[in-house]
Amino acid sequence: IRVAPDYAPVRFNFGSLLASRGQNEDAEVQLRTALQLRPQMAEAAIVISSVMEATGRLADAENILRRALDSRPDYALAALNLGQLLLRLGRFDDAVSFIERSVVIAPDALSWMRSSINNRTELARFAICSRNVSVGTAIQRVPGPSPITGHHRPDPNTRPQDRCG
């Protein structure tokens, strides 16, 4: 940082490291500096939102994720994270909308989304079962095992809501 204090990637990497160590206040300072230096760096907003969630500032986390999507509407991970946060807040219709958006933006990215959704079976069940959303359809079309459950795809002749109970 001393060598390149105005280089956003350095601030982002340092802030991410601090966040991984639980040094949330220092992490947020570095990540906000990265965003000030490069407002389109939605990756920094993702990490800041995680810090905010960890410290119970859910409304702030939502706001920063929404701003990240305003600056980069095609950022699937921001859409997915916002969907997960909204689900946690009990705002199911909004949550599904953003989860669907993440799949529309990056339909081939369901495998990396699995790591983000991992251990969130309620999210997966909700996304697939409620209102027969397109996430369920997208998951069915992924060849091989389901990226969420790891199980092989069900019979394509059954509808997602027929498998929800």
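The rules behind the values
- Here the residue numbering is sequential within each chain, running from 1 through the sequence in written order.
- Local features are withheld for residues below a pLDDT of 70 in this predicted model, meaning they are given only at 70 or higher, and side-chain atom pairs are given and counted only at 80 or more; totals for whole chains, interfaces and linings count all residues.
- The side-chain quantities take in all heavy atoms of the structure and omit both hydrogens and water.
- Every helix listed is a DSSP run of H or I at least four residues long, and every strand listed is a run of E at least two residues long, numbered separately from the N terminus.
- Throughout, exposure labels follow a simple rule: accessible area from a 1.4 Å probe, protein chains only, divided by the maximum for the residue type, with under 20% read as buried, over 50% as exposed, and the rest as partly exposed.
- Throughout, a residue-residue contact means that at least one pair of heavy atoms, one from each residue, lies within 4.5 Å.
- To be clear on the numbers: accessible area is Shrake-Rupley with a 1.4 Å probe, and residue cover counts the displayed protein chains and nothing else.
- For the purposes of these results, a polar contact is taken to be a pair of N or O atoms within 3.5 Å, where, inside protein, one atom must be able to donate a hydrogen and its partner to accept one; residues adjacent in sequence count only when each atom of the pair is a side-chain atom.
- By definition, a salt bridge exists where a carboxyl oxygen of Asp or Glu is found within 4 Å of a side-chain nitrogen of Lys or Arg.
- Note on method: axes are straight lines fitted to C-alpha atoms, helices fitted across the in-contact stretch only, with angles between N-to-C directions ranging 0 to 180 degrees.
- Roughly parallel refers to an angle under 35 degrees, roughly antiparallel to one over 145, roughly perpendicular to one between 65 and 115, and oblique to any angle outside these ranges.
- Polar here means any residue other than Ala, Val, Leu, Ile, Met, Phe, Trp, Tyr, Cys and Pro, which are nonpolar, and Asp, Glu, Lys and Arg, which are charged; Gly is therefore polar.
- Nonpolar side chains (Val, Leu, Ile, Met, Phe, Trp, Tyr) are joined into patches within 5 Å and like charges within 9 Å, using only residues with over 30% relative accessible area and no salt bridge.
- Only buried residues count toward a nonpolar core. Its members are Ala, Val, Leu, Ile, Met, Phe, Trp, Tyr and Cys residues joined through side-chain atoms within 4.5 Å.
- One less than the number of residues in a helix, times 1.5 Å, gives the span that helix is expected to have.

1. Here we look at the overall build of the chain
At step 1: Tallying secondary structure elements over the chain gives 9 helices and 0 strands in all.
At step 2: Along the chain, helices and strands appear, N-terminal first, in the series α-α-α-α-α-α-α-α-α.
At step 3: Out of the 165 residues belonging to the chain, those deemed buried represent 43%.
At step 4: Restricting to contacts in the chain with at least 6 residues of sequence separation, those with at least 24 account for 51%.
At step 5: Accessible surface, the chain as shown: approximately 9,100 Å² in total, 51% of it carbon and sulfur.

2. A short note on the environment of Arg11
At step 1: The residue Arg11 is located in helix H1 (residues 8–20) in this model.
At step 2: Given the relative accessible area of 14%, Arg11 is considered buried.
At step 3: Not counting residues within four places of it along the chain, the set of residues in contact with Arg11 comprises Ile1, Pro5, Gln30, Thr33, Ala34 and Leu37.

3. Thoughts on the side chain of Glu28
At step 1: Structurally, Glu28 can be placed in helix H2 (residues 24–37).
At step 2: Separated by 2.9 Å, the side chains of Glu28 and Arg57 make a polar contact.
At step 3: When near neighbours in sequence (up to four residues on either side) are disregarded, Glu28 contacts Ile48, Val51, Met52 and Arg57.

4. Details of the pattern of salt bridges
At step 1: Evaluation of the coordinates by the stated rule reveals 8 salt bridges.
At step 2: Across the pair Glu28 and Arg57 runs a salt bridge, and its minimum N-O distance is 2.9 Å. Residue Glu28 is located in helix H2, and its partner Arg57 is located in the loop between helix H3 (42–54) and helix H4 (58–71); the two are separated by 29 residues in the primary sequence.
At step 3: One salt bridge connects Asp60 with Arg57, and the closest N-O pair in it is separated by 3.4 Å.
At step 4: For Asp60, a relative accessible area of 35% puts it in the partly exposed group.
At step 5: Through salt bridges with shared partners, a single network forms among Glu28, Arg32, Arg57 and Asp60.

5. Points about the packing of H3 against H4
At step 1: Closest axis-to-axis distance for the H3/H4 pair is 8 Å, and the angle between their directions is 170 degrees. If you check the angle between H3 and H4, you find them roughly antiparallel. Contacts between H3 and H4 pair Ala42, Ala45, Ile46, Ile48, Ser49, Met52 and Glu53 from the former with Leu58, Asp60, Ala61, Ile64, Leu65 and Ala68 from the latter.
At step 2: For the contact of H3 with H4, a count of residues per class yields 10 nonpolar, 1 polar and 2 charged.

6. Brief notes about a nonpolar patch on the surface
At step 1: A cluster of nonpolar side chains, contributed by Ile1, Phe14 and Leu17, occupies part of the molecular surface with about 220 Å² of accessible area.
At step 2: Note that Ile1 resides in the segment before H1.
At step 3: Among the residues examined, Ile1 registers a relative accessible area of 36% and is labelled partly exposed.

7. Focus: the nonpolar core
Generally speaking, nonpolar side chains in soluble globular proteins are found buried as a group.
At step 1: With 31 residues, the main nonpolar core has Phe12, Leu31, Leu35, Met41 and Ala44 as its most contacted residues.
At step 2: Elements supplying a minimum of two residues to this core: H1, H2, H3, H4, helix H5 (76–88) and helix H6 (92–105).
At step 3: Per element, the largest residue contribution to this core is 8 residues, and it comes from H3.

8. Structural notes on H1
At step 1: Here H1 spans 18 Å end to end across 13 residues, near enough to the 18 Å set by a 1.5 Å rise per residue.
At step 2: Here H1 has its buried residues at Ala8, Pro9, Arg11, Phe12, Gly15 and Leu18.
At step 3: Remark: Gly22 follows H1 within two positions and exhibits a positive phi of approximately 80 degrees.

Keep in mind these values describe shape, not function.
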